[in-house]
Amino acid sequence: MPGRLRLADAVRGRVLYGGDYNPEQWPEETWPEDIRLMREAGVTLVTVGVFSWARIEPDPGARDFGWLDTVLGLLGDAGIGVCLATPTASPPPWLGARHPGTLPRDPAGAVVWYGSRNHFCASSSVYRERAAALTEDLAARYAGHPALRLWHVGNEYATPCWCDATARHFRRWLRRRHGTLDALNEAWGTAFWSQAYGSWDELIPPRRAQYLVNPAHALDFRRFTSDALLECFTAERDILRGHDPHTPVTTNFMPFFAGVDGWAWAAEEDVVSADIYPDPADPHGGAENALVQDLTRSQAGGPWVLMEQAAGAVNWRPVNRPKPRGLMRLWSLQAVARGADAVCFFQWRQSRQGSEKFHSAMLPHAGEHSRTFRQVRELGAELTSLGGEVAGRPVPAGAALLHDWDAWWSARGEGRPSALVTHDGLLRAWHRALWEAGITTDFARPTADLGRYGLVAVPHLHLLTDESLRNLTDYVRGGGTLVCGFFTGVTDGDDRVRPGGVDARLRELLGIATVHEWWPLAEGETVTVTTTTSSSTTPAASGLPGTFTGTLWSEDLELAGAEPVAVLKGGELDGGPAVTRHRHDAGTAWYVSVLPEPPALRALLAHAADAAGLRPELPGLPAGVEAVRRGDLLFLLNHSGAPAVVPLPAPATDVLTGRDHGTAIRLDRHGAAALRTGARRNGAPHAPHAPHAPHAPESPPA
């Protein structure tokens, strides 16, 4: 694969600003007005063509590029860059009607019909041929266009399929992965329930079955589905690169969507971009934003693109709340603070028809004199002034959360001890605890080089490969601090339970002799946990409160060298360890066998981070105020819902307003500041970029 292009090639020292532009939904006389208002709003980038397949190819083999020529010409003349999309996420009705094999089928074999979007089977040769032909003509026509800044392939890849074409494709994939039927039968444990396969032709996707499907079969199918969709992406990407090797290529992730392996996909992109839609009614929306932003930055290995967000309300929740005044600005600046070099929305002009006519837009139904458009203009002006200060700059992080799609997929299988325990739910809880403690955090694969991080947290990795286990052991032996959550290291790469229930190497690392029983808790059930009274494990020495509540899980543990930091009080497991700490060579490994209530989890992780030499960017912040550094700027972001006064250790200038501040700064409700404070005071000893990144971080533009 040729060397990747950089986001800096498109950014050019700015923070790009804009959104999806769908001019085909509007009469041509509307287009000049769009351009005028885009310029007024400070728009510098729009994504064009995402859902325009039927407009470009109204009949099989026909091409209508005239309208697109006009649109790109208008945008280019106005100095507005274009992220030009291949429209292959939404095939036109004629493709499904004439070639029903291009349509996906559900696990029961029912056809998923056209009439919406993303209605294609990734294994269909006809779909792939038609998509490639359209991409070829699009690339040939617009490669080198002066308005072109990025190529955008497809949209939110997500669609699985269980059809016969998929079955044939799946068999080929299984042959490559396992080599022989004997190896496949061993990996899948087909001796159970008489499932042994004697011929490759017998293998099918895990369709609707009489009872539970084989979990190893289901895990391989999830891996295959991600790879099959990735083949569609890379096929179009390679066509674009063949015509235009100088323009970066991206596609937009739904980062906490389980369907595709984000690490594998990010490695195939020039630019990593994401769609982020936290709920304005969620009091923890800022934490959710930070979670997705940190994951996307980690996948990118540096700056990234916020491809979609909402200017106000969305349309898919049971109740769709708009964003209060200032929240759109706050969450946009939060993305910039956490590494985004582009802030974009879905979409530019709000649709009057179709399924998303009540999804907000930069230019809403209320028009250019609306509160939303006024805020859009104000944000555009601020990003213009901010761009030169942050574009291409790093976001330092001394801690890492481990996240792996194989582990996520395996934990989603049926027949587990508790359906209440979810991989993404635990990631959210642990990341929020670190975020509230002021510790900027990367995400990393469990096989990544972790040596640059003072703290590595593992909320829940049900599946851990031998390579991952060796990596964690080496990290702790080398002096790292590991905090490990429950039900981790239970299965190997084929979802086979490890001898002893938890891998012996992990138990040795954690100082645990035996996990006698997993003891999951029912919904609403809690356990009481108290810290121990030994001199080395007092509350002050662990960060934990004297007594706290645990939820979701508990375990009957027997220790072998670990010291109990906190124990269960009352109930069947009274006196058993709940939180442990183990000195292992030069490092420390903690184990947490419950989900502590949020303040306790925050206190524990903050203590472990502090012991590892990590400090918040600005200690002692008011509740709900976030501080994160990017380059030379310290961003202060007020998520509390009320005004807040933040003490400052030294005078600073807010580059958003130009105002100087002495000993304190007042942040309005949903307020934000970007402070130039001089030399960095953070004690985090680690390099700013995660070594697991799929490509090298970008340097600041000259």
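Only a predicted model underlies this, so the values are computations on that prediction, with no experimental measurement involved. Within each chain, residues carry numbers counting from 1 in the order of the written sequence. At least 70 in pLDDT is required for a residue's local features to be given in this predicted model, at least 80 for side-chain atom pairs to be given and counted, and no such filter applies to totals for whole chains, interfaces and linings, which use all residues. The side-chain values count all of the structure's non-hydrogen atoms but skip hydrogen atoms and water molecules.

Side note on the packing of aromatic side chains
Okay, step 1: Here a pair means two rings of Phe, Tyr or Trp (six-membered ring of Trp) with centres within 6.5 Å. Their orientation is stacked below 30 degrees between planes, edge-to-face above 60, and tilted elsewhere. Taken as a whole, this structure holds 26 aromatic pairs when the rule is applied.
Okay, step 2: Ring centres of phenylalanine 487 and tryptophan 553 lie 4.9 Å apart, and the angle between their planes is 45°; on these two criteria the pair is classed as tilted. In this pair, phenylalanine 487 is assigned in the loop between strand 13 (481-485) and helix 17 (504-510) and tryptophan 553 in the loop between strand 16 (547-551) and strand 17 (555-559), connecting sequence segments 66 residues apart. With respect to class, phenylalanine 487 is no different from tryptophan 553; both count as buried.
Okay, step 3: A network of ring pairs unites the aromatic residues Trp162, Phe170, Trp173, Phe221 and Phe224 as a single cluster.
Okay, step 4: A ring is considered to have a charge above it if a Lys NZ or an Arg CZ atom is located within 6 Å of its centre and within 35 degrees of its normal. Just above the ring of tryptophan 26 sits the side chain of arginine 349; from NZ or CZ to the centre is 5.1 Å.
Okay, step 5: Here the guanidinium or amino end of arginine 428 rests over the ring plane of phenylalanine 256, the centre of that ring lying 5.3 Å away. A helix here means a DSSP run of H or I that spans at least four residues, while a strand means a run of E at least two residues long, and both kinds are numbered starting from the N terminus. With a 1.4 Å probe rolled over the protein chains alone, any residue whose accessible area is under 20% of its type maximum counts as buried; one over 50% counts as exposed, and the rest are partly exposed.

Considerations on the pairing of strand 16
Okay, step 1: Alternating residues of strand 16 divide into Phe548 and Gly550, all buried, and Thr547, Thr549 and Thr551, none buried.
Okay, step 2: Think of it this way: DSSP has to see at least two bridges between two strands before they count as a pair. Sheet topology places strand 15 (residues 526-531) next to strand 16; 5 bridges connect them, and they run antiparallel. Each residue of the ladder has a partner; that of valine 529, found in strand 16, is phenylalanine 548.
Okay, step 3: Pairing of strand 16 with strand 21 (residues 595-596) involves 2 bridges; the strand directions are antiparallel.

Examining the state of the cysteines
Okay, step 1: Any two cysteine sulfur atoms lying within 2.5 Å of each other are counted as a disulfide. Using the criterion set out here, one finds 0 disulfides in the structure.
Okay, step 2: Left unpaired, cysteine 161 is separated from the closest cysteine sulfur, that of cysteine 163, by 3.4 Å.

A word on unusual backbone geometry
Okay, step 1: That bond from phenylalanine 346 to glutamine 347 is cis: its omega, -5°, falls within 30 degrees of zero.
Okay, step 2: Its place among the elements puts glutamine 347 in the loop between strand 9 (340-345) and helix 13 (371-390).
Okay, step 3: The phi angle at tryptophan 193 is positive, at roughly 60°, despite the residue not being glycine.

Focus: the packing of helix 6 (residues 125-142) against helix 9 (residues 215-243)
Okay, step 1: Fitted lines through C-alpha atoms serve as axes, helices being fitted only where they are in contact, and the angles separating the N-to-C directions of these axes extend from 0 to 180 degrees. It is at 9 Å that the axes of helix 6 and helix 9 come closest, and there the two elements cross at 25°. Relative to helix 9, the element helix 6 lies roughly parallel. Once helix 6 is placed against helix 9, the crossing between them reads as right-handed. Between helix 6 and helix 9, the residues in contact are Tyr127, Arg128, Ala131, Ala132, Thr135, Glu136, Ala139 and Ala140 and Ala228, Glu231, Cys232, Glu236, Ile239, Leu240 and His243, respectively. By definition in this entry, angles of less than 35 degrees are roughly parallel, angles greater than 145 are roughly antiparallel, angles of 65 to 115 are roughly perpendicular, and the rest are oblique. What makes a crossing left-handed is the near helix being turned counterclockwise from the far one by less than a right angle; a clockwise turn instead makes it right-handed. Contact definition: two residues touch when any of their heavy atoms are within 4.5 Å.

Thoughts on the environment of arginine 55
Okay, step 1: Of note, arginine 55 is situated in helix 3 (residues 53-56).
Okay, step 2: Relative accessible area serves as the criterion here: at 32%, arginine 55 is assigned to the partly exposed category.
Okay, step 3: Residues arginine 55 and valine 594, spaced 539 residues apart in sequence, show a C-alpha to C-alpha distance of 55 Å.
Okay, step 4: Beyond its immediate stretch of four places on either side in the chain, arginine 55 contacts Glu24, Asp64 and Trp67.

Structural notes on a nonpolar patch on the surface
Okay, step 1: Patches here are clusters of residues that have more than 30% relative accessible area and form no salt bridge, with a 9 Å joining cutoff for like charges and a 5 Å cutoff for nonpolar side chains (Val, Leu, Ile, Met, Phe, Trp, Tyr). Throughout, the Shrake-Rupley method with a 1.4 Å probe supplies accessible areas, and for residues the shown protein chains are the sole cover considered. A side-chain nitrogen of Lys or Arg and a carboxyl oxygen of Asp or Glu constitute a salt bridge if their distance falls within 4 Å. On the surface, Phe192, Trp193 and Tyr211 cluster together into a nonpolar patch covering about 410 Å² of accessible area.
Okay, step 2: Within the element layout of this structure, tryptophan 193 appears in the loop between helix 8 (181-188) and helix 9.

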